[in-house]
Amino acid sequence: MPAAEQLEFRTWGGRRKGAGRKAKGPMRRVSHKKRPAHKARFPVHAVLRARDDAPRLRRRDVIEAVRQALRAGGNRSDFRVVHYSVQGNHIHLVVEATDKDALSRGMQGLAVRIARAINRTASRKGGVFADHYFARELKMPAEVRRAVRYVLDNFILHAQLAPQTDTCAASLAPPRTWLLTDGWHRSRAGPLPVAYWPRL
């Protein structure tokens, strides 16, 4: 058969480089997979990360708004913020929750409350946090000790990098889990935090 008369076969479908709907908005940094079950005896290290267009969280007036929102929403019967620190574009939290649902409701409610407080303070509208919150269970005394020290002492590094900028790290709700009341003190995984912050 002459070449001109040969049928031209084309393949359609399948994975092709560059194919598919393009993602909109900021790149996802946290997995959106279903979160695993959470047990009440384990504290959680959680992180809320701000959008690029949100106000800097270390601004003096914004920090005060965040602090008030944390006081209002961070000490419930089923969800507690035990320690926290506010950095330029993210907030570190060490929290306790009775189960997965309480953790999810507590973190989502806290994010909404903080976002509204920031928007009121900054006279703006729109989203504040970029994605789902990050959360990791702390199951061993050494993990808890490292996490508490990281959260409470995080201000030291940021103060060295930006000495003229406010930072905020504090303890909030009294802990109830053994790991946060006694367990982390018994671990030898590094020193204790430089300072125990007053409960605000």
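Not measured: the values here are computed from a predicted model.

S.K.: Go over the overall build of the protein, please, and point to the residues and values.
M.R.: The helix and strand inventory of the protein stands at four helices and five strands. For the protein, the sequential pattern of α-helices and β-strands runs β-α-β-β-α-β-α-β-α. The burial tally for the protein puts 42% of its 200 residues in the buried class. Taking as baseline every contact in the protein between residues at least 6 positions apart, the subset at least 24 positions apart corresponds to 79%.

S.K.: So, the pairing of strand E3 (residues 90–97): which residues are in play, and what are the values?
M.R.: Along a regular strand, successive side chains alternate from one face of the sheet to the other. Most of E3 sits out of view: eight of its eight residues are buried. By the alternation rule, side chains of E3 split into His90, His92, Val94 and Glu96 and Ile91, Leu93, Val95 and Ala97, which are all buried. Relative to E3, strand E1 (residues 44–49) runs antiparallel, the two sharing six bridges. Residue Leu48 lies in a different strand from E3, and its bridge partner there is Ile91. As defined by bridge partners, strand E2 (residues 79–86) adjoins E3 across seven bridges and the pair is classed as antiparallel. Across the sheet, Phe79 pairs through a bridge with Ala97, a residue of E3.

S.K.: Before we move on, could you go through helix H2 (residues 100–122) and cite the residues and values that matter?
M.R.: Taking 1.5 Å as the rise per residue, H2 with 23 residues should run 33 Å; its terminal C-alpha atoms sit 33 Å apart, in good agreement. Here H2 has its buried residues at Ala102, Leu103, Gly106, Met107, Leu110, Ala111, Ile114, Ala115, Ala117, Ile118 and Asn119. Among the structural elements, E1, helix H1 (60–73), E2 and E3 are those in contact with the buried residues of H2. Its side-chain oxygen 3.2 Å from the backbone nitrogen of Asp101, Asp99 forms the N-cap of H2.

S.K.: Account for the sheet that holds E3, with residues named and values stated.
M.R.: Two modes of strand pairing occur in sheets, parallel and antiparallel, and in both the strands are linked by backbone hydrogen bonds. As summarised here, the arrangement of the five strands in space is E4-E1-E3-E2-E5, forming an open sheet in which the pairing is antiparallel. Across the chains shown, the open sheet's two edge strands, defined by having one partner strand only, are strand E4 (134–137) and strand E5 (168–171). Strand-to-strand twist across the sheet, computed as the mean angle between neighbouring axes with direction ignored, equals 25°. The strands touched by H1 within the sheet are E2, E3 and E5, with E2 carrying the most contacts at an inclination of about 165°.

S.K.: Tell me about H1, residues and numbers included.
M.R.: Under the 1.5 Å per step criterion, the end-to-end length of H1 is 20 Å for 14 residues, consistent within 8% with the ideal 20 Å. Packed against the buried residues of H1 are E2, E3, H2 and E5.

S.K.: Could you give an account of the pattern of salt bridges, with specific residues and numbers?
M.R.: All told, the structure shown has nine salt bridges when counted by the stated rule. Of the charged contacts, one joins Arg105 and Asp78 as a salt bridge, the two residues approaching to 3.4 Å between their closest N and O atoms. Residue Arg105 is found in helix H2, and its partner Asp78 is found in the loop between H1 and E2; the two are separated by 27 residues along the sequence. Since its relative accessible area comes to 15%, Asp78 is described here as buried.

S.K.: Describe in detail the nonpolar core, supporting the description with residues and values.
M.R.: In terms of nonpolar packing, the biggest core is built from 35 residues, with Leu48, Leu70, Val81, Tyr84, Ile91, Leu93 and Ile114 touching the most fellow members. When residues of this core are traced back to their parent elements, those giving at least two are E1, H1, E2, E3, H2 and E5. Of the residues forming this core, the biggest block, nine residues, is contributed by H2. For Leu70, the contacting residues outside a window of four places in its chain are Val81, Tyr84, Leu93, Leu110, Ile114 and Leu172. Within the second largest apolar cluster, 12 residues are counted, among which are Phe42, Val94, Val144 and Val151.

S.K.: I'd love a proper account of the environment of Arg59, names of residues and values included.
M.R.: Within the secondary structure, Arg59 is located in the loop between E1 and H1. Accessibility expressed as a relative area gives 36% for Arg59, which makes it partly exposed. Note: C-alpha distance between Arg59 and Gly88 (29 residues apart in sequence) is 8.1 Å. Only 2.9 Å separates the side chain of Arg59 from the side chain of Asp61, close enough to count as a polar contact.

What counts, and where the lines are drawn
- Residues numbered from 1 in each chain as written.
- Predicted model: local features only at pLDDT ≥ 70, side-chain atom pairs only at ≥ 80, totals over all residues.
- Heavy atoms only, no water.
- Helix = DSSP H or I, 4+ residues; strand = E, 2+ residues; numbered from the N terminus.
- Buried < 20%, exposed > 50% of the residue type's maximum accessible area, 1.4 Å probe, protein only.
- Contact = heavy atoms within 4.5 Å.
- Pairing = 2+ DSSP bridges.
- Expected span 1.5 Å × (residues − 1).
- Polar contact = N/O pair within 3.5 Å; in protein donor to acceptor, adjacent residues only side chain to side chain.
- Axes fitted to C-alpha atoms, helices over the stretch in contact; angles between N-to-C directions.
- Salt bridge = Lys/Arg side-chain N within 4 Å of Asp/Glu carboxyl O.
- Core = buried A, V, L, I, M, F, W, Y, C linked by side-chain atoms within 4.5 Å.

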